[in-house]
Structures are given as structure tokens and as C-alpha cells.
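# Coordinates in review
Spelled out from the first residue to the last, the chains are:
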Amino acid sequence: MEERRIYTQLLREYRENPILWNKNLPEYFNRTRRFDMQCKLAKILRPIVPTADGNYVRKKLARFRSVFVREHQKVVRCRKAGIHYEPYHWSYKELLFLLDSPELACLRIDDRSSSSSEQADVSIAESQSPTPKRAHVRRKASKPKRSDKKRAERLAKSSEPTVQYDNFLELVAIKLKQLTTSQGRLAEKIINDVLFYAETGELTLDQLKSIAETLQKSQIT
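What comes next concerns the included structure. Counting from 1, residues in each chain are numbered in the order their sequence is written. Owing to the predicted nature of the model, reporting of local features is limited to residues with pLDDT of at least 70; listing and counting of side-chain atom pairs is limited to 80 or more, with chain, interface and lining totals taken over all residues. Note that the side-chain values use all heavy atoms of the structure and ignore hydrogens as well as water.

As a further point, take the overall build of the chain. Along the backbone of the chain there are ten helices and zero strands. The secondary structure listing takes helices from DSSP runs of H or I that are at least 4 residues long and strands from runs of E that are at least 2 residues long, numbered from the N terminus. For the chain, the succession of helices and strands along the chain, N to C, is α-α-α-α-α-α-α-α-α-α. Only protein chains enter the accessibility calculation, which uses a 1.4 Å probe; a residue whose area is less than 20% of its type maximum is buried, one above 50% is exposed, and one in between is partly exposed. Within the chain, buried positions represent 36% of all 221 residues. When checking whether two residues touch, look at their non-hydrogen atoms; a contact exists if any pair is within 4.5 Å. Restricting to contacts in the chain with at least 6 residues of sequence separation, those with at least 24 account for 62%. Of the accessible surface of the chain, which amounts to about 14,500 Å², a share of 53% is contributed by carbon and sulfur atoms. Accessible surface is estimated by sampling points in the Shrake-Rupley manner with a 1.4 Å probe; for residues, cover comes only from the protein chains shown.

This is the structure we're talking about:
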């Protein structure tokens with residue numbers, strides 16, 4: 001998609017200008033210079049966002065960054081637990097350079113320096129292993145337990161605003177647990193994509209159709 005290509009170009013220019021993300025550089029603290037660079041990057045977005053300016057780029061990059069941090073935290077937690085997790089959002093791999101920034105150094109995976117290809121593409125390293133990973137074993141959809149079924153019904157009926165989102169998250173987790181591995185991964189990818197576009201303020205009906213079309217093409221190929 002044209003939009004994906006343009007945002008990829010933006011993230012690569014972001015990487016090539018460390019004064020926008022590396023606090024170890026003295027220039028990072030020069031707000032005027034940083035803003036000038038953000039205005040320069042805004043030109044990349046003009047074909048899809050005609051009103052894009054420095055402030056728009058700053059906010060957009062901050063949203064991409066928050067998505068990356070959230071996804072990488074999942075990678076780290078799963079790695080420590082001996083589980084394979086592959087981030088679904090396309091921007092994740094484009095932003096791995098952020099691990100070189102001082103504030104994200106704590107998120108580096110221990111073996112990052114010994115295997116750069118593995119940290120760039122976890123799925124390739126896992127697939128080349130002679131021992132099959134447990135996470136890749138295809139499983140049949142499990143029958144819902146009575147406790148899960150009752151809990152799901154209770155959560156679905158709850159309308160208290162203070163617990164609405166917590167209940168919804170628990171309900172989704174219950175339903176995902178009942179799916180086969182392939183269906184669960186597909187559902188998780190759709191949820192991640194929808195949340196990403198919602199976080200960046202770009203979730204529309206047209207965007208949902210675009211996600212569906214992309215998934216359909218990937219299944220055909």
C-alpha cells in the first residue's frame with residue numbers, strides 16, 4: 001500500500017537522524033534543531049497528509065514508538081518464559097534501532113549482541129532450530145470449560161463503566177484460548193492492527209476494509 005510505503009520511508013529517515021531519538025547526543029537537547037528536522041520529515045507525509053507539519057510528525061513518531069515499546073516488552077517477557085512471540089505490526093522491525101537509545105537499553109534482549117539477525121527477525125531464528133518449538137505445535141480448539149463459559153457470560157452482561165474495559169479484555173482472552181493456534185494468531189493480528197490504527201487516530205471503516213483486504217491477499221499467496 002502507498003500509505004505503508006510512505007510511513008516506512010518516514011521511519012527510515014527517523015533512524016538516519018538520531019538527534020530525534022538518541023539522548024546521548026548533545027544535539028538532541030536542541031529543540032529548535034529537532035523541530036526543524038521534524039518539519040523536514042513532514043514533507044514525506046504530505047502525499048497522504050497534506051496538512052502534516054513538525055508537530056504532526058512529532059506526535060506520529062511518538063505513537064509509533066509507544067507501539068514498538070509495547071510489542072518489544074512482549075518479546076522480552078515471552079523470551080524469558082521460553083515462549084516464541086513474533087510482533088505482528090510491520091513497524092516493529094523498522095524501529096529496532098531504538099534499542100540503541102539510552103532510555104530503552106534496559107529492554108535489550110541478553111543475546112542481542114551475539115546474534116543480530118535473531119533480534120532483527122525472531123521468526124527466522126526460531127524456524128531454523130532443529131527442535132520444534134512448543135508454540136508452533138498445532139492444537140485443536142479446546143472445549144470451553146464451564147467456569148470459562150460462566151465467566152464469559154457474566155463479563156458480557158456487566159455494564160459498569162469502571163470495569164468495562166477490564167471485563168472486555170478478560171472476555172477476549174477467554175475466547176482466544178478456545179481457538180486453534182492458527183485462528184488465534186489471525187485474530188490477534190487483527191486486534192493488534194485495529195488497536196494500532198486507533199492509537200494513531202486513523203481508525204476508519206475504510207481502514208478496516210484495508211486490513212481485511214491485506215489479510216485476504218496474504219492467505220491467497
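The next subject is the nonpolar core. Throughout, nonpolar core names a set of buried Ala, Val, Leu, Ile, Met, Phe, Trp, Tyr and Cys residues whose side chains join them through atoms within 4.5 Å. Core analysis: the biggest nonpolar cluster contains 36 residues, and Tyr14, Phe68, Leu95 and Leu98 have the highest contact counts within it. Of all the elements in the fold, those that place two or more residues in this core are helix H1 (2–16), helix H2 (31–45), helix H3 (54–80) and helix H9 (181–199). Per element, the largest residue contribution to this core is eight residues, and it comes from H3. Not counting residues up to four positions away in its chain, the partners in contact with Tyr14 are Leu20, Trp21, Leu41, Leu61, Arg65, Leu95, Phe97 and Leu98.

Of the two site types, the cavity is a set of points on a 1 Å grid over the protein atoms alone where a 1.4 Å probe fits but cannot get out, and the pocket is an open set with protein on both sides within 12 Å along at least five of seven lines, each lined by residues with an atom within 4 Å of a point. Grid points are joined across faces, edges and corners, and a volume is the space filled by probe spheres set on the points. This model, assessed by the stated rule, comprises four cavities of 30 Å³ or more. The space that makes up the largest cavity amounts to roughly 60 Å³. Every residue lining the largest cavity is listed: Met1, Glu3, Arg4, Tyr7, Lys60, Phe64, Trp90, Phe196, Tyr197 and Glu202. When residues of the lining of the largest cavity are traced back to their parent elements, those giving at least two are H1, H3 and H9. The nonpolar class holds Ala, Val, Leu, Ile, Met, Phe, Trp, Tyr, Cys and Pro. Asp, Glu, Lys and Arg form the charged class, and all remaining residues, Gly among them, are polar. Looking at the lining of the largest cavity residue by residue, the class counts come to six nonpolar, no polar and four charged.

What follows concerns the pattern of salt bridges. We count a salt bridge whenever a side-chain nitrogen from Lys or Arg sits within 4 Å of a carboxyl oxygen from Asp or Glu. For the structure on display, the rule yields five salt bridges. Note that Arg15 and Glu16 form a salt bridge whose closest N and O atoms lie 3.3 Å from each other. By relative accessible area, Arg15 is classed as partly exposed at 34%. Accessibility expressed as a relative area gives 53% for Glu16, which makes it exposed. A salt bridge links Glu103 to Arg65, with the shortest nitrogen-to-oxygen separation between them at 2.6 Å. Here Glu103, found in the loop between helix H4 (91–94) and helix H5 (116–120), pairs with Arg65, found in helix H3; they are 38 residues apart in sequence, far enough to count as distant. The buried category is assigned to Arg65, whose relative accessible area is 18%.

Here the focus is the layout of surface pockets. Where empty space is left can be seen by rolling a probe of water-molecule size over the atoms. One number sums up the size of the second largest pocket: a volume of about 210 Å³. As for the second largest pocket, its lining consists of Tyr14, Leu20, Trp21, Tyr28, Arg34, Gln38, Arg58, Leu61, Ala62, Arg65 and Glu103. For the lining of the second largest pocket, the elements supplying multiple residues, two or more each, are H2 and H3. Split by residue class, the lining of the second largest pocket holds six nonpolar, one polar and four charged.

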